Each structure stands twice: as C-alpha cells, then as structure tokens.
Amino acid sequence: MFRLDEKIALVTGGSRGLGRAMCLALASAGATMAINYLKESQQAREVKDTILQRGGKAEIFQADVSKKEEAEKLVAKVVNTFQGVDILVNNAGIRSDELFVRMTDEKWDKVIQVNLYSTYYVTKAVIPYMLKKKWGRIINVTSLGPFVGSPGQTNYTASKMALVGFTHSLARELAPKGITANLIAPGLIETDFTRDLQERFVDVVIKAIPLGRFGKPSEVAGAVVFLASEEASYITGNTLHINGGGYMS
C-alpha cells in the first residue's frame, strides 16, 4: 500500500526540515529521489547517503529555483539523470517577517519570488514530462498561516494563499491528463523554527492545538507519500491540513 516503485520524485528544498523528511519517506516507499538544495550541500549529501544506505536511489541537484533559468536547468538535469519526473513536491520556501507598516519592497518581493515563482517555474518545466506519461503528482506546500492569518507575515501568507488558487486551477487543467495537483498545509511542526521558540510562547501555542503538541516531520511526510500514491488518484485540487486540529475546514 502507498508504494511508489519506479516513480521519480523531485523535492525542492529537500536538504533539511520537512523537505528532508519528505525525501526519506518517498524513498522508503520506493521512489527514486531527486533532492534539490540551494546552499546546504553537506545536509543534502547526508539525505542522499541515508537513502542509499537504506537501499534506495537518490541524487542531489543544486539550484536556486526562484530563478527561472536555474529551475529549468534543474529539471533538465533530473530528466537527463532519471529519464523523467513523476512526482513533484514544491517545498522550497522562506519567511521574512515584518509588520506590514514596516514591510519593505525587498522583503515582499523576495518572499513572493521564492515561495510563489519557484513553484511556477519548476512546475512549468516538469509538466511536459508528466503529460507524455499521462500520469503525475504535483504536491505544493502551503501553510496554516493563510487560513488563520498571522501578524507580521503578510508577505508569507500572501505567497502561500496564492499557491492555493494556483493549485486549484492547475488541478482542473491537468485532471483530464491523468495528473493530480494537491496541497499540504502543515501547522507548527517540530523543526529548527519551533525548537527556537521561547518556552512561554510554546505553552500558549500548544494550548490552542486540540491534540496538545507540535507535529512531527514524519507526519507531514506521510501525507506527501499518500498524495503521491495510486491510492490518492481520485484526489485533486484539495488541501490536506496537518495541524493537530488547530484549524478545521
């Protein structure tokens, strides 16, 4: 169940955090992994080595996917290495928080460029290969933030909500071609970000989560494996919320 043997999966921002967990989980399900990273070459190699040690297949690919030319070259390299892309997880993203009255054009533009344009560039480059096979899975990573609002994150939440509309329209266009497009929306997950939160703030946040804890990267990665699988072939244009009940739709 939920096997991905003979599928090639590309994960952007796959060297650490949620991206790392996604790569490991997809590989454990049998997918051949193309791990994209920007700067963390050592961490990317560690993810690759872990997959290889477990008997999987993986390669790392450096690229700044917020730049059109690099995103296109990334996909071309992955296709040249593995002869296609069946599963795409658009995970690359950044935050640059600031109250709106203090928001600079630079902070606004950078977050939109990385979080939204990278998804556009990579997806645009990947789709022709999925169309040839008449099969594909596109999984975009949004967030809890756009659905509940988050002070100091107008740029971030705007970029992540834009992905929702993008995915809905893309799903309708690609459904007749055998390609699905969905989103995952993680809440607060145990990553470097949550580990750095002040203890007092953590207590307040956890009280607002019905399950009473932060999520684990593996729980997010498991949802990605499901959406990439054949068992999820009748699911498209949907958002899977992974937040412990912090937001219920």
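Above: the structure in question.
Presented here is a report on the structure given in the accompanying data block. Residue numbers restart at each chain and count upward from 1, following the sequence in its written direction. A pLDDT threshold of at least 70 governs which residues receive local features in this predicted model, and a stricter bar of 80 or more applies before side-chain atom pairs are shown or counted, although totals over entire chains, interfaces and linings include all residues. Water and hydrogen atoms were dropped before computing side-chain values, which therefore reflect all heavy atoms in the structure.

## Re the overall build of the protein chain
At step 1: Of the regular secondary structure elements, the protein chain holds 9 helices and 7 strands.
At step 2: Taken over C-alpha atoms, the radius of gyration comes to 17 Å for the protein chain, in line with the 18 Å a tight globule of 249 residues would show.
At step 3: Judged by the C-alpha coordinates and their principal axes, the protein chain covers about 50 × 40 × 35 Å.
At step 4: Here the protein chain has roughly 12500 Å² of accessible surface; of this, 52% comes from carbon and sulfur atoms. In this text, helices come from DSSP runs of H or I with a minimum length of four residues, and strands from runs of E with a minimum of two, each type numbered from the N-terminal end. The globule rule used for comparison is 2.2 Å times the number of residues to the exponent 0.38, while the radius of gyration itself is calculated over C-alpha atoms. Areas reported here follow the Shrake-Rupley algorithm with a probe of radius 1.4 Å; residue values treat only the protein chains shown as occluding.

## Here we look at the packing of aromatic side chains
At step 1: Only Phe, Tyr and Trp rings take part, Trp by its six-membered ring, and two of them pair if their centres are within 6.5 Å. Stacked means planes under 30 degrees apart, edge-to-face means over 60, and tilted covers everything else. Counting across every chain of the model gives 5 aromatic pairs.
At step 2: Between Tyr-120 and Tyr-121, the ring centres sit 5.5 Å apart and the planes meet at 50°, which makes this aromatic pair tilted.
At step 3: Remark: exposure states derive from per-residue accessible area (1.4 Å probe, protein chains only) relative to the maximum for the residue type, with buried under 20%, exposed over 50%, and partly exposed in between. The class for Tyr-120 is partly exposed, based on a relative accessible area of 40%.
At step 4: Each residue in the set Tyr-117, Tyr-120 and Tyr-121 is aromatic and connected to the rest through ring pairs, giving one cluster.
At step 5: Here Lys-7 stacks its cationic end above the ring of Trp-135, 3.7 Å away from the centre of that ring. Throughout this description, the term charge over a ring refers to an Arg CZ or Lys NZ atom that lies within 6 Å of the ring centre and within 35 degrees of the ring normal.

## A word on the sheet that holds strand S4 (residues 87–90)
Strand pairing in a sheet takes place through backbone hydrogen bonds and is either antiparallel or parallel in direction.
At step 1: The strand order across the open sheet formed by 7 strands is S3-S2-S1-S4-S5-S6-S7, and the pairing between neighbours is parallel. This sheet does not close on itself; its edge strands, each paired only once, are strand S3 (58–62) and strand S7 (239–242). On average, each strand axis in the sheet is inclined to that of its neighbour by 20°, with strand direction left out of account.
At step 2: Here S4 pairs with strand S5 (residues 136–141) via 4 bridges, running parallel. Paired with Val-89 across the strands is Ile-139, a residue of S5.
At step 3: Here helix H9 (residues 217–228) sits on the sheet and contacts S4, S5, strand S6 (179–186) and S7; the angle it forms with S6, its principal contact strand, is near 165°. A pair of strands is treated as paired once DSSP finds two or more bridges between them. Interaxial angle, 0 to 180 degrees, is taken between N-to-C directions of lines fitted to C-alpha atoms, where a helix line uses only the stretch in contact. The contact definition used throughout considers only heavy atoms, calling two residues in contact when any of these lie within 4.5 Å.

## A look at the packing of helix H4 (residues 105–133) against helix H6 (residues 154–174)
Between two packed helices, the angle of one axis relative to the other and the distance separating the axes together describe the packing.
At step 1: At a minimum axis separation of 8 Å, H4 and H6 run at an interaxial angle of 20°. If you check the angle between H4 and H6, you find them roughly parallel. Remark: the crossing between H4 and H6 carries right-handed chirality. From H4, Lys-107, Trp-108, Val-111, Ile-112, Asn-115, Leu-116, Thr-119, Tyr-120, Thr-123 and Ile-127 reach across to H6, where they touch Thr-154, Asn-155, Tyr-156, Ala-158, Ser-159, Lys-160, Ala-162, Leu-163, Phe-166, Leu-170 and Leu-174. Note that the term roughly parallel is reserved for angles under 35 degrees, roughly antiparallel for angles over 145, roughly perpendicular for angles of 65 to 115, and oblique for everything else. Two helices that cross are described as forming a left-handed crossing if the nearer one is turned anticlockwise from the farther one by less than a right angle, and a right-handed crossing if clockwise.

## Re the packing of helix H1 (residues 17–28) against H9
At step 1: The contact between H1 and H9 brings their axes to 8 Å, and the two run at 50°. Between H1 and H9, the crossing angle belongs to the class labelled oblique. Judged by the sense of rotation from one axis to the other, the crossing of H1 with H9 is right-handed. Each of Leu-18, Ala-21, Met-22, Ala-25 and Leu-26 in H1 lies in contact with H9, whose residues at this interface are Pro-217, Ser-218, Val-220, Ala-221, Val-224, Val-225 and Ala-228.

## Points about unusual backbone geometry
At step 1: A positive phi angle is found at Phe-2, which is not glycine, with a value near 60°.
At step 2: Mapping Phe-2 onto the fold places it in the segment before strand S1 (8–11).
At step 3: Unusually for a residue other than glycine, Lys-134 sits at a positive phi of about 55°.
At step 4: In this structure, Lys-134 sits in the loop between H4 and S5.
At step 5: Since its relative accessible area comes to 64%, Lys-134 is described here as exposed.

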